[in-house]
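Given next are the chains, with one letter for each unit.
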Amino acid sequence: MKRKTWFTLIVSGVVSLFISVSAFAGWVFWEPLTYHNASTWQKADGYSNGSMFNCTWRANNANFTNDGKLRLSLTSPSNNKFDCGEYRSTNTYGYGLYEVSMKPAKNTGIVSSFFTYTGPAHGTQWDEIDIEFLGKDTTKVQFNYYTNGVGNHEKIVNLGFDASQGFHTYAFDWQPGHIKWYVDGVLKHTATTNIPKTPGKIMMNIWNGTGVDGWLGSYNGANPLHAEYDWVKYTSN
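Residues numbered from 1 in each chain as written. Predicted model: local features only at pLDDT ≥ 70, side-chain atom pairs only at ≥ 80, totals over all residues. Heavy atoms only, no water.

By the naming in an unreviewed UniProt entry, the protein chain goes by Beta-glucanase and is assigned to Paenibacillus amylolyticus.

Here it is in structure tokens:
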């Protein structure tokens, strides 16, 4: 049996913990999201996804609060112009358990999210697994995934609480034959068909939509709006 090995990197008094254990238990990447670690995370900056995304990603819209949380913001630099925030890992990750402690923003016409993504810009097919909060009703969460660009797997789940009022743990377990989504450790949904296979980046963002009022509701221009993230954890198979 392999002996467990612990690697701890301490930077500016903040700990990022990487745990390598036996092949059966996998290994863990845990990020407390208390500061910007440029070796493991990137801030999207200076471009727009276009289409339904009615904003430009700005590095200044990904910041850290005094109490040690990542804050992604939706702001307006000028009339009817909007900036939004996106945070993503530098590395890619495959099958395993993905967890986040987060508090989404509440407002019609917006999305706060946690997901994995890879696509043509990374030289791969479009594979994605989503946890999304539609700001029009934060008493619900939407799960979805894409395999080689094929989606339409949306599942909306009633939470029994307002996610925008406090931090809760949301997760998905991605395996070759299934994806299982959890809320505060309770299984809420399982998918078993056409499961993604390509490792992707861990990503978080907040954005306002355009042309998708039937899905998100009409964005009313309210700003600033914030989604906050306390920590992220990935456990491999």
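Caption draft 1: Fine view of the nonpolar core. By size, the foremost hydrophobic cluster in this structure holds 52 residues, and its most contacted members are Phe-114, Ile-131, Tyr-170, Phe-172, Trp-181, Met-204 and Tyr-229. Here this core gets 5 residues from one element, more than from any other, and that element is strand S18 (residues 225-236). With residues up to four places along the chain from it excluded, the contact list for Phe-172 reads Gly-96, Leu-97, Tyr-98, Phe-114, Thr-116, Ile-129, Ile-131, Ile-179, Lys-180 and Trp-181. (Core = buried A, V, L, I, M, F, W, Y, C linked by side-chain atoms within 4.5 Å. Buried < 20%, exposed > 50% of the residue type's maximum accessible area, 1.4 Å probe, protein only. Helix = DSSP H or I, 4+ residues; strand = E, 2+ residues; numbered from the N terminus. Contact = heavy atoms within 4.5 Å.)

Caption draft 2: A look at the pairing of strand S12 (residues 140-146). Counting buried positions along S12 gives 6 out of 7 residues, so the element sits mostly inside the fold. What sits between strand S11 (residues 127-134) and S12 in their antiparallel hairpin is a turn of 5 residues. Two strands pair when backbone bridges link them, and S12 and strand S13 (residues 155-158) are joined in this way by 4 bridges, in the antiparallel orientation. In the sheet register, Val-141 faces S13, and the bridge partner there is Val-157. (Pairing = 2+ DSSP bridges.)

Caption draft 3: Seen up close, the state of the cysteines. Tallied over the full model, the rule gives 1 disulfide. What pairs with Cys-55 in a disulfide is Cys-84, and their sulfur atoms sit 2.0 Å apart. Residues Cys-55 and Cys-84 are joined by a disulfide whose S-S torsion is about 80°; by sign, that bridge is right-handed. Of the two residues, Cys-55 sits in the loop between strand S4 (41-43) and strand S5 (56-57) while Cys-84 sits in strand S8 (residues 81-93), which places them 29 residues apart along the sequence. Here Cys-55 falls in the buried class, since its relative accessible area comes to 4%. (Disulfide = S-S within 2.5 Å.)

Caption draft 4: Structural view of the pattern of salt bridges. Applying the stated criterion across every chain, the model contains 6 salt bridges. The shortest N-O distance in the salt bridge between Asp-67 and Lys-69 comes to 3.5 Å. Taking the shortest distance from any N to any O, the salt bridge between Arg-71 and Glu-228 comes out at 2.7 Å. Of this pair, Arg-71 sits in strand S7 (residues 70-78) while Glu-228 sits in strand S18, placing them 157 residues apart in sequence. (Salt bridge = Lys/Arg side-chain N within 4 Å of Asp/Glu carboxyl O.)

Caption draft 5: Structural view of the pairing of S11. The buried fraction of S11 amounts to 8 of the 8 residues, a majority that puts the element mostly inside the structure. Residues Asp-127, Ile-129, Ile-131 and Phe-133 of S11 are buried on one face, and the alternating residues Glu-128, Asp-130, Glu-132 and Leu-134, pointing to the opposite face, are buried as well. One ladder, built from 8 bridges, connects strand S10 (residues 110-118) with S11; its direction is antiparallel. Residue pairing in the sheet places Thr-118 in a bridge with Asp-127 of S11. The sheet contact formed by S11 and S12 spans 5 bridges and is antiparallel. Its bridge partner lying in S12, Glu-132 is registered against Gln-142.

Caption draft 6: Quick look at the UniProt feature "active site" (unreviewed entry) in the protein chain. In this structure's numbering, the residues bearing the UniProt feature "active site" (unreviewed entry) are Glu-128 and Glu-132. Lining residues of the largest cavity drawn from the annotated set just named are Glu-128. Here Glu-128 is to be found in strand S11. Contacts of Glu-128, omitting those with residues within four sequence positions, involve Phe-115, Thr-116, Tyr-117, Asn-144, Tyr-145, Tyr-146 and Pro-196. Engagement of the side chain of Glu-128 in a polar contact is seen with the side chain of Trp-126, the distance being 2.8 Å. Considering the arrangement of structural elements, one finds Glu-132 in strand S11. (UniProt positions renumbered as here; feature names shortened; annotations may be inferred. 1 Å grid on protein atoms, 1.4 Å probe; cavity = no way out; pocket = protein on both sides within 12 Å on 5 of 7 lines; lining within 4 Å. Polar contact = N/O pair within 3.5 Å; in protein donor to acceptor, adjacent residues only side chain to side chain.)

Caption draft 7: Focus on empty space enclosed by the protein. Evaluated as defined, the whole model comprises 1 cavity of 30 Å³ or more. Within this model, the largest cavity holds a volume of roughly 40 Å³. Considering the residues around the largest cavity, the lining is formed by Thr-116, Tyr-117, Thr-118, Asp-127, Glu-128, Ile-129, Trp-174, Pro-196, Thr-198 and Gly-200. Within the residue set of the lining of the largest cavity, elements represented by two or more residues are S10 and S11. (Points joined across faces, edges and corners; volume = space filled by probe spheres on them.)

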